[in-house]
Every structure is written in C-alpha cells, then in structure tokens.
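Chain by chain, the residues run as shown.
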Amino acid sequence: MNAIDNLIPDNRRALITLLRCALKGSQQCPALSDASLHSLFQQAREQGVGTYMYPWLAAQKVFSETHPQAAEKPLAAWRDAFLRNLVRSDLIRQVLQPTLTRLTRAGIETIVLKGAWLGATVYDDPAQRTMSDIDLLVREADIEAAHRELTQVGFTADKDTLHNRFAYEQRYSHTGLPLPLELHWHVTSALTPAAPVPDIEAVWQNAVDSVWHNVPVKALPPADQLAHQAQHILHHLFAAPLRAYLDIAL
C-alpha cells in the first residue's frame, strides 16, 4: 500500500485492488465469494470498468475450481454486461464507419475522441470500454458542413447549439445508434475558468493521420491523448468515474 491508498474509501478498496490485478494481468485474483462478486459488479458498473475486468476475471482458475459444474455462474452479471457492450460497440462501428467515410469524402477532417477511439486502439477489445456518448472533433470552420452531412445520413440534432457562442458541441441522435453523438469544435468551454483551455489550433497542428476501424481519420498523438484525458478529468473537477483513470493507466 502506498501513501495515496489511504485516501481510497474503504468501500472502494476491494474494487480498486481487483482492477489493479486486472491491469497487471495477475495470474490469481483475491478470494471472492459470490456475494462479494455481486457487490463488486454493481460498483464496477457504476464506475464504467466492469466490462474491462470481465475477460481477466473469467480467466481466473478460482471460479472454475469453486464452481466446476457452472464456471460462469458467479460471473453471470459480468458476462451479460460484457456481451451487451459487445453488441453495442459493433452497432456503433456499423453506423460510424460509413459516417466517418462520408465526412472524409466531403473534405472534413475528423478526430475520434475518448471512448470510441480508446476502445478501438487502447483496449484489447472495444467491448471492454463502455461509453455514454460518441465524441467527434471537427474544425470550427467545418461545423456547418459536418452538420449537413450528418443530417443527410439520418442524424437528428437536439437543441441547436451550433450558433451558440458559449457552446462547443452539438448533440445528435440516430435510430441505428444506442448512444448520442456529440460533434465538437473545441474540447472545453471558456466558461469553465477552473480548467485550462487547450489551444485548439495546436491540437489540429499536432494531429496525425490514422485509421478508425479501417476508415482514415485524424488522431491525437499519445502526449495529446493523455493531455486531453487529464483536461477532461479537470473539467469535471475530478468527479470522474474510474473509467477515466483506467483510460490513462492503459
């Protein structure tokens, strides 16, 4: 235990211990009862890390040894959540691939941010990364064109924020997507003085050519990826789920 561990609430220590074991790829997890696994699953789901932990948990011998006739029983909720997210992540891929291709063909450079990018590039499987929305970044000069392309392929804009000088994103829904899509032209608002406002022009200058599920896109280099994750946590005044810290750890 290190000094910072003393700051971890007692009711979160078991989850964080298990998450650390998963990160390290430890061969054996701490002994856990079925009741403990159920309680930990609820915490892991709230913190957005349950689907990340499931493949590691499923590989642990302790469960097959304790339940030789029903190895999945103690992990049933973890498994179901993973499979649901597997289906959801594939639906996102199916809709986003042609959408990103269309934006590229229209001459609109796009950076895939946060969960959709990290799930495809940092996690072993996109199903391990849960998301609450899909974030795309375009240049401010391209927002009208991007809006036009999105609406032409079935996206419906929520309340219009494209022309709100205090906004930096427009939210959309799509019948084929289980999550909303947020089109960003900045990564934070100047109305949040507690957090530093990144130089968006420098962000674009540093962006590199890459691919997302075989579709050409622009991407943040690793240093900017980390800076963006840290800025996002600061934007939420550290009230971010463990998933945000897991992203950085990975």
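See the structure above.
These numbers come from a predicted model, not from an experiment. (Residues numbered from 1 in each chain as written. Predicted model: local features only at pLDDT ≥ 70, side-chain atom pairs only at ≥ 80, totals over all residues. Heavy atoms only, no water.)

## Examining the overall build of the protein chain
Selection criterion: Strands here mean DSSP runs of E at least two residues long; helices mean DSSP runs of H or I at least four residues long; both are numbered from the N terminus. With a 1.4 Å probe rolled over the protein chains alone, any residue whose accessible area is under 20% of its type maximum counts as buried; one over 50% counts as exposed, and the rest are partly exposed. Whether two residues touch is decided by their heavy atoms; if any such pair falls within 4.5 Å, the residues are in contact. Neither His nor the chain ends is counted toward charge; the positive residues are Lys and Arg and the negative residues Asp and Glu. Just so you know, the charge point we use is NZ for Lys, CZ for Arg, CG for Asp and CD for Glu.
On a plain count of helices and strands, the protein chain comes out with 10 helices and seven strands. Across its three principal axes, the protein chain shows a C-alpha extent of roughly 60 × 40 × 30 Å. When the 250 residues of the protein chain are sorted by exposure, 46% land in the buried category. Considering only intrachain contacts with a sequence separation of at least 6, the fraction spanning at least 24 residues in the protein chain is 64%. Considering the protein chain, the positive charge centre built from 22 side chains and the negative charge centre built from 26 side chains are found 4 Å apart.

## Regarding helix α1 (residues 13-24)
Threshold: Expected helix span is given by 1.5 Å per residue-to-residue step, counting one fewer step than there are residues.
Taking 1.5 Å per residue, 12 residues should reach 16 Å; α1 reaches 16 Å between its end C-alpha atoms and fits that length. When we look at burial in α1, the residues that qualify are Leu-15, Ile-16, Leu-18, Leu-19, Cys-21 and Ala-22. Buried-residue contacts for α1 involve α2 (34-47), α3 (50-58) and α10 (242-249). Residue Gly-25 follows α1 closely and has a positive phi angle near 70°.

## A word on the environment of Ser-132
Assignment of secondary structure puts Ser-132 in the loop between α6 (114-121) and β2 (134-137). Among the residues examined, Ser-132 registers a relative accessible area of 46% and is labelled partly exposed. Taking the C-alpha atoms as reference points, Ser-132 and His-38, separated by 94 residues in sequence, lie 23 Å from one another. Excluding residues within four positions of it along the chain, Ser-132 makes contact with Leu-179, Pro-180 and Arg-243.

## Here's the deal with the nonpolar core
For soluble globular proteins, the rule of thumb is that nonpolar side chains tend to be buried together. The cut-off we apply is this: In these notes, a set of buried Ala, Val, Leu, Ile, Met, Phe, Trp, Tyr and Cys residues joined through side-chain atoms within 4.5 Å is what counts as a nonpolar core.
By size, the foremost hydrophobic cluster in this structure holds 57 residues, and its most contacted members are Met-53, Trp-78 and Leu-181. Residue contributions to this core peak at eight residues, all from helix α5 (residues 76-105). Other than its neighbours up to four places away in sequence, Trp-78 contacts Leu-37, Leu-40, Phe-41, Ala-44, Gly-50, Met-53, Tyr-54 and Leu-57. Counting residues in hydrophobic clusters, the runner-up holds nine residues, among them Ile-111, Leu-137, Ile-200 and Ala-207.

## Some words on the packing of α2 against α5
Note the cut-off: Angular values range over 0 to 180 degrees, each being the angle between N-to-C directions of two axes fitted as lines to C-alpha atoms, with helices fitted over their stretch in contact. For classification purposes, angles smaller than 35 degrees are called roughly parallel, those larger than 145 roughly antiparallel, those between 65 and 115 roughly perpendicular, and all remaining angles oblique. The residue classification treats Ala, Val, Leu, Ile, Met, Phe, Trp, Tyr, Cys and Pro as nonpolar and Asp, Glu, Lys and Arg as charged. All others, Gly included, are polar.
For the pair α2 and α5, interaxial distance at closest approach is 9 Å and the crossing angle is 30°. Our classification of the angle between α2 and α5 gives roughly parallel. Of the residues in α5, those touching α2 at Leu-37, Leu-40, Phe-41 and Ala-44 are Ala-77, Trp-78 and Ala-81. Here the residues of the contact of α2 with α5 sort into seven nonpolar, no polar and no charged.

## As for the packing of aromatic side chains
As a reminder of what qualifies: Centres within 6.5 Å make a pair out of two Phe, Tyr or Trp rings, where for Trp the six-membered ring is used; the pair is then stacked when the planes are under 30 degrees apart, edge-to-face when over 60, and tilted otherwise.
This model, assessed by the stated rule, comprises three aromatic pairs. With centroids separated by 5.4 Å and ring planes inclined at 40°, the aromatic side chains of Tyr-54 and Phe-82 adopt a geometry described as tilted. Taken together, the residues span a long stretch of sequence, with Tyr-54 in helix α3 and Phe-82 in helix α5 at a distance of 28 residues.

## Digging into the environment of Val-187
Turning to its location among the elements, Val-187 is positioned in the loop between β5 (181-184) and α8 (200-206). Between the alpha carbons of Val-187 and Phe-238 there is a distance of 17 Å; along the sequence they are 51 residues apart. Setting aside residues no more than four positions away along its own chain, Val-187 makes contact with Leu-113, Tyr-168, Pro-198, Ile-200, His-228 and Gln-231.

## Observations regarding unusual backbone geometry
Non-glycine residue His-213 carries a positive phi angle of around 50°. Its location among the elements puts His-213 in the loop between β6 (208-212) and β7 (215-219). With a phi close to 75°, Asn-214 is a non-glycine residue in the positive phi region. Relative to the elements of secondary structure, Asn-214 occurs in the loop between β6 and β7. Relative accessible area serves as the criterion here: at 72%, Asn-214 is assigned to the exposed category.

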